[in-house]
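Listed here are the chains, written in short residue letters.
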Amino acid sequence: AVVLLQCQADNHTTPLPAPPPLLSPLLSPRTLHHSMSFFGNFGNPRIDVFSQLYPCYSGAYCDKNFIDDGGKIILPPSALNQISHMNVVWPLMLKITNPVTGAHTHCGVLEFSAQEGKMFVPFWIMENLGIQPGSSAKCETASLRKGKFVKLRPRKKEFVETADPKVILERKLRDFSCLTHGDTIVIAYNDKRYEIDVMEVKDDTGPCEAISIVETDLNLEFERPLDMPESPVRQTPTANDSVAGSGEPQTEADMLFTAPIVPQKTKNPKKESEKDREKEQDAKSFRAFAGSGFRIDGKPIRSPSKISTGSTEKKSEKKKNKKPKSKEDYWNSLGSGRSLK
């Protein structure tokens with residue numbers, strides 16, 4: 001191509017050579033696409049999306065049953081070849097979708113060693129999405145934020161009764177790259193498989209659909225297992241509720257989830273007043289050393305009931321009124337004796 005330049009002095013046109021190309025011919029269209037996608041939009045890189053349909057199979061079809069105990073899939077080597085030439089977010093997160101029902105979940109990639117045209121997925125993912133072995137599923141890359149909080153609910157209380165459920169989850173979640181709200185993951189421990197529901201997930205912005213759990217501090221919270229009844233709650237009795245001791249039958253649900261309500265005893269003022277009077281009388285009639293005893297001289301003693309309860313003035317008056325004893329009475333009161341002869 002040539003550029004025509006209008007010259008007014010000579011009144012004729014002079015052809016000029018074409019300018020050099022702005023881009024080197026060594027830059028391929030793919031390289032040009034990546035450079036423009038990275039430096040375009042004032043330095044904000046554009047994220048490419050890998051999307052492909054693959055027939056799904058569980059780990060039993062590739063002699064790698066261990067993938068059923070985690071949350072990562074196996075893709076063919078051709079997928080790695082395509083993703084390596086794309087600008088995607090690492091670590092790699094994928095979104096698996098059932099094209100028929102629209103149900104979807106998120107997972108990570110374990111390796112790229114599957115047979116061409118196949119994708120090996122954990123069996124619990126196939127159950128959640130309703131995919132049969134050999135059915136096609138859509139696999140595409142996704143960008144997830146790091147999680148901050150997750151709430152889990154075991155299906156059976158046996159998992160909570162293990163030695164330390166949080167330590168078990170901390171070890172087993174290393175086989176997962178992400179968690180999706182509404183999924184039911186499977187944890188294998190001690191030759192048993194425990195199903196756990198993902199009730200809620202949060203990232204730094206709040207509640208979300210899915211989170212990444214790779215190299216992040218995650219706050220874990222347990223919800224009551226699905227097969228464990230709620231704790232009994234004590235409620236105040238109403239006119240329609242059945243109360244223990246009222247004679248009305250209680251339903252089985254009431255006995256499981258409601259604690260029995262024992263009616264409080266009403267106080268009788270008459271009985272209380274009688275008890276108070278008895279206590280006052282006992283306090284007035286209290287006598288120290290009121291028990292029975294024996295005299296050394298063998299004479300009978302007066303019973304405690306005959307002991308006078310008068311004041312000291314009356315006792316002093318009785319002593320004054322007493323007649324003095326004679327010598328004979330005095331010696332007789334001492335009792336009999338024996339002579340030394």
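Everything below is about the structure shown above.
The shown structure was predicted, so the numbers you read here are calculated from the model rather than taken from an experiment.

(A) A look at the layout of surface pockets. One number sums up the size of the largest pocket: a volume of about 430 Å³. Considering the residues around the largest pocket, the lining is formed by 20 residues, among which Glu 170, Leu 173, Arg 174, Ile 213 and Thr 216 are closest to the centre. Put simply, the parts of the chain that give the lining of the largest pocket at least two residues each are strand S6 (104-111) and helix H4 (165-172). For the lining of the largest pocket, the element with the most residues is H4, which contributes three residues.

(B) Molecular detail of H4. Listed in full, the buried residues belonging to H4 are Pro 165, Ile 168 and Leu 169. The arc that holds every buried residue of H4, seen down its axis, measures 95°, which confines them to one face. Turned more than 90 degrees from where H4 packs its buried face, Glu 170 and Arg 171 sit exposed. At its buried positions, H4 is contacted by strand S9 (147-154), strand S11 (184-189), strand S12 (192-203) and strand S15 (219-222).

(C) Structural context of the pairing of S6. As paired strands, strand S4 (residues 72-74) and S6 are joined by three bridges and run parallel to one another. Among the inter-strand pairings, Ile 73 is bridged to a residue of S6, identified as Val 109. By the bridge criterion, five bridges tie strand S5 (residues 93-97) to S6 in an arrangement that is antiparallel. Bridge pairing in S6 links Leu 94 to Cys 107. Hairpin connection from S5 to S6: six residues lie between these consecutive antiparallel strands, with Gly 102 at a positive phi of about 85°.

(D) Representation of the pattern of salt bridges within the structure. Across all of its chains, the model carries ten salt bridges by this definition. Across the pair Arg 46 and Asp 48 runs a salt bridge, and its minimum N-O distance is 3.8 Å. Across the salt bridge formed by Arg 145 and Asp 204, the nearest N and O atoms sit 3.5 Å from each other. Taken together, the residues Arg 145 in the loop between strand S8 (136-142) and S9 and Asp 204 in the loop between S12 and strand S13 (206-207) connect sequence positions 59 residues apart. Note on Arg 145: relative accessible area 48%, which makes it partly exposed. Residues joined in a network through salt bridges with shared partners are Arg 153, Arg 155, Glu 195 and Asp 197.

What counts, and at which threshold
Residues numbered from 1 in each chain as written. Predicted model: local features only at pLDDT ≥ 70, side-chain atom pairs only at ≥ 80, totals over all residues. Heavy atoms only, no water. 1 Å grid on protein atoms, 1.4 Å probe; cavity = no way out; pocket = protein on both sides within 12 Å on 5 of 7 lines; lining within 4 Å. Points joined across faces, edges and corners; volume = space filled by probe spheres on them. Helix = DSSP H or I, 4+ residues; strand = E, 2+ residues; numbered from the N terminus. Buried < 20%, exposed > 50% of the residue type's maximum accessible area, 1.4 Å probe, protein only. Arc of directions from axis to C-beta. Contact = heavy atoms within 4.5 Å. Pairing = 2+ DSSP bridges. Salt bridge = Lys/Arg side-chain N within 4 Å of Asp/Glu carboxyl O.

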